[in-house]
Amino acid sequence: MRPAPALRRTAAFTRELAGALRDGDGIARPEVLRGRARALLDALGVRLEIPDGTGLSAPDGPGARGEPAPGTLVVANHISWLDAVALLAVEPVTLLAKREVGDWPVLGPMVRRAGTRFIDRGSLRGLPGTVEALAALLRAGRSVAVFPEAITHCSAPGGRFRPAAFQAALDAGAPVRPVTLGYEQAGVPSTVAAFVGEDGFGGSLRRVLTARALTVRVRVHPPLRTAPGADDRRSLAARAQALVRGTDPAAHPAGPHSSTPCPASPRPANPLPGRAPAAVPAGRAGRDPARA
């Protein structure tokens, strides 16, 4: 993309971030959060593609002993920091993020006010408490989105779904909603939005701002109903992973850091001044920029 339209996108994105900060605690209101997420995608020139009327939460079922129906555990593959924005643009669910995100300048205060919950990835001792807190949110009727691959991959199918979050769904009797995220440019799969390896946020943002015809495609799969005694967290994770990939889970015994080769992305012809944004090399994976 030429510098002039890319600079206009940059200005629009900055205005939307400033508006989100001015929202203060009000950004946690579902209608405000969804509107801001969609406005951020529009400012970046990213088209959101999802079937009309599709939401992330599963239709309400009966709660136990007359209690409210539990929320939905939304699980998706993880490619980019844009993944969370795309999910919020579909439905303002609660996000689970790594602790460091809350300390990011500008974005940190915004995601905290939006109701994001945080996890300390370096503490295995704290994992049972995280699962318990996640189950409590689900029992209270809150839908929560997690990225169970734990790290980003430059494209689908990505890595193995880790099972911890699925235990929370089992404990709460909550349905699991698998979601497949993918990025395209002019109908061709693209890695331009990927945020992996040693990539910095500034370089990733620059690629997105200068990308032509970038689309994020959100495919929402039928919910998986949890059956006490019939499922365990590993089998439930495998079922969700199979739907997200569109494959038999046995056909892809990927480890947590593996990834299939990715298509190359076009390099923008006229990038913004500074370091030229580049396509993400095929097959790279390795960071968790923002989400658990």
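Residues numbered from 1 in each chain as written. Predicted model: local features only at pLDDT ≥ 70, side-chain atom pairs only at ≥ 80, totals over all residues. Heavy atoms only, no water.

With respect to helix α5 (residues 127-139)
The end-to-end C-alpha distance of α5, which contains 13 residues, comes to 18 Å, matching closely the 18 Å that a straight helix rising 1.5 Å per residue would cover. Those residues of α5 that are buried are in contact with β2 (73-76), β3 (94-98), β4 (117-119), β5 (144-146) and α6 (164-172). Gly141 lies just past α5 and shows a positive phi near 90°. (Helix = DSSP H or I, 4+ residues; strand = E, 2+ residues; numbered from the N terminus. Expected span 1.5 Å × (residues − 1). Contact = heavy atoms within 4.5 Å.)

Let's talk about the nonpolar core
Grouped together as the largest cluster of nonpolar side chains are 48 residues, with contacts concentrated most on Leu44, Leu82, Val179 and Val218. Residue assignment for this core shows that the elements contributing at least two residues are α1 (3-23), α2 (30-44), β2, α3 (82-90), β6 (176-185), α7 (201-209) and β8 (214-220). Per element, the largest residue contribution to this core is eight residues, and it comes from α3. Among all residues touching Val218, those that are not within four sequence positions of it are Leu48, Glu49, Ile50, Pro51, Ala86, Val90, Val179, Thr180 and Leu181. Listed in part, the 25 residues of the second largest apolar core include Ala172, Ala174, Val176 and Ala237. (Core = buried A, V, L, I, M, F, W, Y, C linked by side-chain atoms within 4.5 Å. Buried < 20%, exposed > 50% of the residue type's maximum accessible area, 1.4 Å probe, protein only.)

Points about the packing of aromatic side chains
For the structure on display, the rule yields one aromatic pair. On the numbers, 6.4 Å between centres and 25° between planes, the contact of Phe161 with Phe166 is stacked. (Phe/Tyr/Trp six-rings, centres within 6.5 Å; stacked < 30°, edge-to-face > 60°.)

Quick look at the pattern of salt bridges
Tallied over the full model, the rule gives seven salt bridges. Here Glu49 and Arg217 are joined by a salt bridge, their closest N and O atoms 2.3 Å apart. Of this pair, Glu49 sits in strand β1 (residues 46-49) while Arg217 sits in strand β8, placing them 168 residues apart in sequence. On the accessibility criterion, Glu49 (22% relative accessible area) is partly exposed. (Salt bridge = Lys/Arg side-chain N within 4 Å of Asp/Glu carboxyl O.)

Notes on the pairing of β8
Among the seven residues of β8, five are classified as buried, and the element is accordingly described as predominantly covered. In this sheet, β8 lies alongside β1 in parallel orientation, the contact comprising four bridges. What sits directly across from Glu49, in β8, is Arg217. (Pairing = 2+ DSSP bridges.)

Some words on a positive patch on the surface
On the surface, Arg160, Arg162, Arg233 and Arg234 cluster together to form a positively charged patch. Structurally, Arg234 can be placed in helix α8 (residues 233-245). (Patch = residues over 30% accessible without salt bridge, like charges linked within 9 Å, V, L, I, M, F, W, Y side chains within 5 Å. Areas by Shrake-Rupley, 256 points an atom, 1.4 Å probe, with all protein chains shown as cover. Lys, Arg positive; Asp, Glu negative; His and termini not counted. Charge placed at Lys NZ, Arg CZ, Asp CG, Glu CD.)

Structural notes on the packing of α2 against α3
Relative to each other, α2 and α3 sit at 130°, their axes nearing to 7 Å. It follows that α2 is oblique to α3 by the angle criterion. At the point where α2 passes α3, the crossing takes the left-handed sense. The segment α2 lies against α3, with Leu33, Arg34, Ala37, Arg38, Leu40, Leu41 and Leu44 engaging Leu82, Val85, Ala86, Leu88, Ala89 and Val90. (Axes fitted to C-alpha atoms, helices over the stretch in contact; angles between N-to-C directions. Parallel < 35°, antiparallel > 145°, perpendicular 65-115°, else oblique. Left-handed = near helix turned anticlockwise from the far one by under 90°.)

Some points on the packing of α5 against α6
Put simply, α5 and α6 touch, their axes get as near as 8 Å, and they point 45° apart. Between α5 and α6, the crossing angle belongs to the class labelled oblique. Regarding α5 and α6, the two cross each other, and that crossing is right-handed. Facing α5, whose interface residues are Leu127, Val131, Leu134, Ala135, Leu138 and Arg139, α6 presents Ala164, Ala165, Gln167, Ala168, Ala169, Asp171 and Ala172.

Some words on α8
Over its 13 residues, α8 extends 18 Å from the first C-alpha to the last, a length consistent with the 18 Å expected when each residue adds 1.5 Å. By the burial criterion, the buried members of α8 are Leu236, Ala237, Ala240, Gln241, Ala242, Val244 and Arg245. Taken together, the buried residues of α8 touch β2, α6 and β6. Immediately downstream of α8, the backbone of Gly246 shows phi near 75°, a positive value.

Section: the environment of Val216
By secondary structure assignment, the location of Val216 is in strand β8. Between the C-alpha atom of Val216 and that of Leu82, which follows or precedes it by 134 residues, the distance is 8.6 Å. Those residues in contact with Val216, other than ones at most four positions away along the chain, are Val46, Arg47, Leu48, Glu49, Ala86, Gly182 and Tyr183.

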